[in-house]
Amino acid sequence: MNPADNSKENWLFEITPKNKFFSFNLKEVWQYRDLLFLFVKRDVVTVYKQTVLGPLWYLIQPLFTSITFTIIFNTVAGIETGTVPPFLFNLAGITVWNYFTACLNGTSNTFASNAGIFGKVYFPRLIVPLSVVISNLLKFGIQFCIFIVFYLYFYCSGAAVSVNPLVVFFPVLVIMMGMLGLALGMIISSLVTKYRDFSYLIGFGVQLLMYLSAVVYPMALIQEKMPQYAWLVQYNPLAYIIETTRYLLLDVGQISITGLLYTFILIILLFFAGLLIFNRTEKSFIDTV
């Protein structure tokens, strides 16, 4: 008998590249759930561990952004928000938008930033971007609590604000935002392994995308003022999520069932496309990173 064959019989596990063109091994991810929890804990603890203000940055960033947008877009540019106070209008959109950008930025450099770990030990690579999406839920929860505090303040001050009865579906919008950030992040992280230029374009692209996502203005405004460019917003799935968020939380704006259906289908397609590209890249990325 060949000694090599005899040694193989004594192996407990043999790790080989998966030959499936497409696979989403949820069972394997579940088996490594303890590792997923450790990555989530790492993301939460270490991000602001050596900062002066620590988790307070979770609060400062959306507040200052909302104040800046209120001054520039509502006071100077004169964008109207109906009966809703402009600050609260902006804070609602920014809170959800921040969750998307945190997921996108955190997952878009998965292979490059974790090459050292990936090259030494095996575990489902999908755990890393998943941990980013889950850990950012904590940041989103803190910022959403800030929104609730200001909502109660304006409500008690007599502002004409109210919650739509369909607000129970708000968690669905949060999940959609997380899935979209994860999907685009997996695609970008795979491209960054070969084309490093993408990492430099992410920051600029995210800023530009924000202005095309109806974060600081209602969708009806762009359709009224600049109908020739309205298609840039209407084909943006993020715009429908943010517009629906304000509709549910502030009962302002409009809800488009067709737009939400288009958004849901596009997110599912992008997610599976990102998963396919991510799975294919993890087999050979170590040679290009």
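Structure's up top.
The structure reproduced in this document is the subject of the present report. Small disclaimer: the values here were computed from a predicted structure and weren't measured. One numbering rule holds for all chains: residues counted from 1, following each sequence as written. The predicted origin of the model limits local features to residues at a pLDDT of at least 70 and limits the giving and counting of side-chain atom pairs to 80 or more, whereas totals for whole chains, interfaces and linings rest on all residues. Hydrogens are left out, water is left out, and the side-chain values use all remaining heavy atoms of the structure.

1. Let's talk about the nonpolar core
For soluble globular proteins, nonpolar side chains are generally found buried alongside one another.
In step 1: For the purposes of this section, nonpolar cores are sets of buried Ala, Val, Leu, Ile, Met, Phe, Trp, Tyr and Cys residues that join through side-chain atoms within 4.5 Å. For every residue, the accessible area obtained with a 1.4 Å probe (protein chains only) is divided by the maximum for its type, and the residue is called buried under 20%, exposed over 50%, and partly exposed between those limits. Leu88, Trp97, Phe147, Phe170, Met177 and Leu250 are the most contacted members of the largest nonpolar core, which totals 69 residues.
In step 2: Helix numbers and strand numbers start at the N terminus; a helix is a DSSP run of H or I with at least 4 residues, a strand a run of E with at least 2. Ranked by the residues each element gives to this core, the list is headed by helix 5 (residues 86-107), at twelve residues.
In step 3: Beyond its immediate stretch of four places on either side in the chain, Met177 contacts Val96, Tyr99, Phe100, Leu238, Ile241 and Ile242. In this description, contact between two residues means that some pair of their heavy atoms is separated by no more than 4.5 Å.

2. Some thoughts on the packing of helix 5 against helix 8 (residues 127-156)
In step 1: Helix axes are fitted only over the stretch in contact, all axes being lines through C-alpha atoms; the angle between N-to-C directions runs from 0 to 180 degrees. With their axes 9 Å apart at the nearest point, helix 5 and helix 8 run at an angle of 170 degrees to one another. Considering their axes alone, helix 5 and helix 8 lie roughly antiparallel with respect to each other. Here is the rule for angles: anything less than 35 degrees is roughly parallel, anything more than 145 is roughly antiparallel, 65 through 115 is roughly perpendicular, and the remaining ranges are oblique.

3. A short note on helix 5
In step 1: Here a helix's expected span is defined as the number of its residues, less one, multiplied by 1.5 Å. The terminal C-alpha atoms of helix 5 lie 32 Å apart, and with 22 residues this matches the ideal 32 Å at 1.5 Å per residue to within 8%.
In step 2: Counting buried positions along helix 5 yields 19 of 22 residues, so the element is predominantly enclosed.

4. What to know about helix 9 (residues 170-192)
In step 1: The terminal C-alpha atoms of helix 9 lie 33 Å apart, and with 23 residues this matches the ideal 33 Å at 1.5 Å per residue to within 8%.
In step 2: Among the 23 residues of helix 9, 17 are classified as buried, and the element is accordingly described as predominantly covered.

5. Brief notes about the environment of Tyr211
In step 1: Topologically, Tyr211 is positioned in helix 10 (residues 197-211).
In step 2: Between the C-alpha atom of Tyr211 and that of Ala239, which follows or precedes it by 28 residues, the distance is 9.6 Å.
In step 3: When neighbours within four sequence positions are excluded, Tyr211 is seen to be in contact with Phe73 and Tyr217.

6. A closer look at a nonpolar patch on the surface
In step 1: Together, Leu166, Val168, Phe169, Val172, Ile255 and Ile257 make up a nonpolar patch on the protein surface, roughly 550 Å² of accessible area in all.
In step 2: With respect to the helices, strands and loops of the structure, Leu166 is situated in the loop between helix 8 and helix 9. Patch construction takes residues with relative accessible area above 30% that form no salt bridge. Like charges are linked within 9 Å, and nonpolar side chains (Val, Leu, Ile, Met, Phe, Trp, Tyr) are linked within 5 Å. Only the protein chains shown count as cover for residues, and all accessible areas are computed by the Shrake-Rupley method using a 1.4 Å probe. By salt bridge we mean one thing: a side-chain nitrogen of Lys or Arg within 4 Å of a carboxyl oxygen of Asp or Glu.

7. Digging into the environment of Phe123
In step 1: On the secondary structure map, Phe123 appears in the loop between helix 7 (115-118) and helix 8.
In step 2: Residue classification places Phe123 among the buried positions, given a relative accessible area of 3%.
In step 3: Placed 94 residues apart in sequence, Phe123 and Val29 show a C-alpha to C-alpha distance of 8.5 Å.

8. Let's talk about unusual backbone geometry
In step 1: At Ala214, a residue that is not glycine, the phi angle is positive and equals roughly 60 degrees.
In step 2: Secondary-structure assignment places Ala214 in the loop between helix 10 and helix 11 (219-225).
In step 3: Assessed through its relative accessible area of 0%, Ala214 is described here as buried.
In step 4: A positive phi angle is found at Asp251, which is not glycine, with a value near 55 degrees.

9. Remarks on the packing of aromatic side chains
In step 1: Each Phe, Tyr or Trp ring, with Trp reduced to its six-membered ring, pairs with another whose centre is within 6.5 Å; inter-plane angles below 30 degrees give stacked pairs, above 60 give edge-to-face pairs, and intermediate values give tilted ones. The final tally for this structure, using the stated rule, is 15 aromatic pairs.
In step 2: When the centroid spacing of 6.2 Å and the interplanar angle of 40 degrees are considered together, the rings of Phe147 and Tyr151 count as tilted. Of this pair, Phe147 and Tyr151 both sit in helix 8, four residues apart, which is roughly one turn of the helix.
In step 3: According to the relative accessible area criterion, Phe147 is buried, its value standing at 3%.
In step 4: Between the aromatic rings of Tyr151 and Tyr155, the centroid separation amounts to 6.5 Å while the plane-to-plane angle is 10 degrees, which identifies the pairing as stacked. Of the two residues, Tyr151 and Tyr155 both sit in helix 8, four residues apart, roughly one turn of that helix.
In step 5: Of the aromatic side chains, those joined through ring pairs into one cluster are Tyr99, Phe140, Phe144, Phe147, Tyr151, Tyr155 and Phe170.

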